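Here is what each chain is made of, one letter per residue.
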Amino acid sequence: KPLACERRITVNSFSADMRCASVFGVVASASAVTPVQKVVQLMNGMLEKGKSEKHEEQVQFAAYKQFCDDTSVEKTRAIQEANEEIESLEAVIAKA
């Protein structure tokens, strides 16, 4: 059985149907999310996603920076030891 507002639109019934539709529209929109609310929700979601990605990048960069610092210290020490060994070997060669 169709609802009272579900009938074919004729010229005479158009205004009655529009009033009925607007009443249902108000009821439906009262429980639905407005476009502005949806945009605000999306923007808040983007903000949270951006914050979490920024944090992940900061953690990843800190680990990479630590690796670079450690490697730099290690390589500097290895070069210094190699230079000392070169000097030692040059002294042995000079004596020979």
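Residues numbered from 1 in each chain as written. Predicted model: local features only at pLDDT ≥ 70, side-chain atom pairs only at ≥ 80, totals over all residues. Heavy atoms only, no water.

**Looking at the overall build of the protein**
Reasoning step 1: Secondary structure summary: the protein contains two helices and zero strands in total.
Reasoning step 2: Residues classed as buried in the protein amount to 3% of the 96 residues present.
Reasoning step 3: In the form shown here, the protein has an accessible surface area of approximately 8,900 Å², with 63% of it arising from carbon and sulfur atoms. (Helix = DSSP H or I, 4+ residues; strand = E, 2+ residues; numbered from the N terminus. Buried < 20%, exposed > 50% of the residue type's maximum accessible area, 1.4 Å probe, protein only. Areas by Shrake-Rupley, 256 points an atom, 1.4 Å probe, with all protein chains shown as cover.)

**Concerning the confidence of the model for the protein**
Reasoning step 1: Looking at the protein, the pLDDT average stands at 81 and 68% of residues meet or exceed 70.
Reasoning step 2: This model gives residues 1-7 a pLDDT under 50, and the stretch forms six contacts once residues within four places in sequence are excluded. (pLDDT = per-residue confidence, 0-100. Contact = heavy atoms within 4.5 Å.)

**Describing the pattern of salt bridges**
Reasoning step 1: By the definition in use, this model includes two salt bridges.
Reasoning step 2: Across the pair Glu 81 and Arg 77 runs a salt bridge whose closest N-O atoms are separated by 3.5 Å. Residue Glu 81 and its partner Arg 77 are located together in helix H2 (residues 35-95), separated by four residues, close to a single helical turn.
Reasoning step 3: On the basis of relative accessible area, Glu 81 is assigned to the partly exposed category, the value being 43%. (Salt bridge = Lys/Arg side-chain N within 4 Å of Asp/Glu carboxyl O.)

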